[in-house]
Amino acid sequence: MSENKGIGFFEKYLSVWVVLCILVGILIGQWIPAVPETLGQWEYANVSIPIAALIWLMIFPMMLKVDFRSVKNVAKQPKGIVVTCVTNWMIKPFTMFCIAWFFFFVVFKYLIPLNLADEYLAGAVLLGAAPCTAMVFVWSHLTNGNPAYTLVQVAVNDLIILIAYVPIVGFLLGIGGIQIPWTTLIFSVVLFVVIPLLAGILTRVTVIKNRGINYFNNVFVNKFNSWTTIGLLLTLIILFSFQGKTIIENPLHIVLIAVPLILQTVFIFFVAYGWARAWKLPHSIAAPAGMIGASNFFELAVAVAISLFGLESGAALATVVGVLVEVPVMLSLVRVANTSRKNFISDIYECVT
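Residues numbered from 1 in each chain as written. Predicted model: local features only at pLDDT ≥ 70, side-chain atom pairs only at ≥ 80, totals over all residues. Heavy atoms only, no water.

A. View of the packing of aromatic side chains. Counted under the stated rule, the structure contains 11 aromatic pairs. Seen from their ring centres, F102 and F103 are 5.6 Å apart, and the 85° between their planes marks the pair as edge-to-face. F102 sits in the partly exposed class, given a relative accessible area of 42%. Consider the rings of F269 and Y273, whose centres lie 4.9 Å apart with planes at 20°: the pair is stacked. (Phe/Tyr/Trp six-rings, centres within 6.5 Å; stacked < 30°, edge-to-face > 60°. Buried < 20%, exposed > 50% of the residue type's maximum accessible area, 1.4 Å probe, protein only.)

Shown next as structure tokens:
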């Protein structure tokens, strides 16, 4: 099976586009400072209005793809859901905190100023508490995962985000001694999860009722693919127009932030993937279970980091480094999953139909 099958041109080279956005954003910030200065004034309740609009462009198409009616199929293969939920919500956020704290405050103690270490830790926590909701469909396809069951895993995961993201983030940042405005955190989740989710559900139900499921899946959803691309690229350019000074003064920090994020990604994949194998789950469920935890809902993490700490914060920078490293690391894990397929039981799609 070709590893590139099912992954679009933009997604395949996402890390390249992120690097280009870093360069463009830095140049704008240094040569046309009026741009970030003007955009920085457009805020409401500590939320950047331009960024909010662009985040909606990214998140709304993802919410369209999630069919929450699939949740009724949870009981058809409960072990897979247990692996997904426990790994994503009882292991991943806390191991992310521990790994990031160890590197930022111990290993890199003399390379990262304390104030920036706090902000990088906050960004890592925001990533760790936001397991993937969109790109996991790509990773599942590349590993020949069960598409129906992957949809169940994503739907359950999205429902848990609604109730678990805020308390987990607040708890871990509190342990790290990082003060956050709770009102802004809750408002951010409502703004960037609840509202797009409700809009996606309403749109999905309306279009399917009027035009049918085939039109929705094969025509309507595809119309929004470019929205996500445009939203992400413009968000990164704006973000790095504010981050230019920090990056120019601390170019090594990109690498330092990437180290714990990569280690955490690989660790969580093997936790879920190994657990699924121990439970004798088919590869078509085990691979997506590993991928959904290893990958991140980075759009949400970026949005919340900007709302809580600002466009110029180290937290926002850390979440974007997560975007930078995600695709190459996840593609390497796809190779691992495909290579180890023979160690699992049959991949017949009989668990969810």
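B. Quick look at the packing of helix α5 (residues 78–107) against helix α6 (residues 114–128). Taken N-terminus to C-terminus, the directions of α5 and α6 make an angle of 160°; their axes are 9 Å apart at the nearest point. One element, α5, and the other, α6, form an angle in the roughly antiparallel class. The handedness of the crossing between α5 and α6 comes out as right-handed. Residues K92, P93, M96, F97, A100, W101, F104 and F105 of α5 lie in contact with α6, whose contacting residues are L114, A117, D118, Y120, L121, A124, V125, L127 and G128. Each residue belonging to the contact of α5 with α6 can be placed in one class, and the counts come to 14 nonpolar, one polar and two charged. (Axes fitted to C-alpha atoms, helices over the stretch in contact; angles between N-to-C directions. Helix = DSSP H or I, 4+ residues; strand = E, 2+ residues; numbered from the N terminus. Parallel < 35°, antiparallel > 145°, perpendicular 65-115°, else oblique. Left-handed = near helix turned anticlockwise from the far one by under 90°. Contact = heavy atoms within 4.5 Å. Nonpolar A, V, L, I, M, F, W, Y, C, P; charged D, E, K, R; others polar.)

C. Region of interest: the nonpolar core. Grouped together as the largest cluster of nonpolar side chains are 120 residues, with contacts concentrated most on F104, W139, Y165, F192, M291 and L300. For this core, the element with the most residues is helix α15 (residues 314–339), which contributes 16 residues. The residues contacting Y165, other than those within four sequence positions of it, are W89, L126, A129, A130, I160, V189, L300, A301 and V304. Counting nine residues, the second-largest nonpolar core is a separate cluster that includes L64, I208, Y215 and V221. (Core = buried A, V, L, I, M, F, W, Y, C linked by side-chain atoms within 4.5 Å.)

D. Quick peek at the environment of F344. By the secondary structure assignment, F344 is in the segment after α15. Sequence-wise, F344 and A278 are 66 residues apart; in three dimensions their C-alpha atoms are separated by 9.5 Å.

E. Structural detail: a nonpolar patch on the surface. Together, Y13, V16, V19, L20 and L23 make up an exposed nonpolar region whose accessible area comes to about 400 Å². Structurally, L20 can be placed in helix α2 (residues 14–31). Given the relative accessible area of 42%, L20 is considered partly exposed. (Patch = residues over 30% accessible without salt bridge, like charges linked within 9 Å, V, L, I, M, F, W, Y side chains within 5 Å. Areas by Shrake-Rupley, 256 points an atom, 1.4 Å probe, with all protein chains shown as cover. Salt bridge = Lys/Arg side-chain N within 4 Å of Asp/Glu carboxyl O.)

F. Up close: the side chain of T150. Topologically, T150 is positioned in helix α8 (residues 147–175). On the basis of relative accessible area, T150 is assigned to the buried category, the value being 2%. Setting aside residues up to four positions removed in sequence, T150 forms contacts with V136, F137, S140 and P288.

G. Representation of the confidence of the model for the protein. Per-residue pLDDT for the protein averages 84, and the proportion of residues at 70 or more is 91%. Per-element confidence in the protein ranges from a low mean pLDDT of 66 for helix α1 (residues 9–12) to a high of 95 for helix α12 (residues 253–278). The model gives residues 1–5 a pLDDT under 50, and that stretch makes 14 contacts with residues more than four places away or in other chains. The model gives residues 349–353 a pLDDT under 50, and that stretch makes 16 contacts with residues more than four places away or in other chains. (pLDDT = per-residue confidence, 0-100.)

H. Spotlight on the packing of α5 against helix α13 (residues 283–294). At a minimum axis separation of 9 Å, α5 and α13 run at an interaxial angle of 20°. With respect to their mutual orientation, α5 and α13 come out roughly parallel. The two elements α5 and α13 cross, and the hand of that crossing is right-handed. Facing α5, whose interface residues are G80, V83, T84, N88 and K92, α13 presents I285, A289, I292, G293 and A294.

I. Inspection of the environment of G322 at higher detail. Of note, G322 is situated in helix α15. Remark: the alpha-carbon pair of G322 and Q243, spanning 79 residues in sequence, is separated by 15 Å. In contact with G322, other than residues within four places in its own chain, are L127 and L261.

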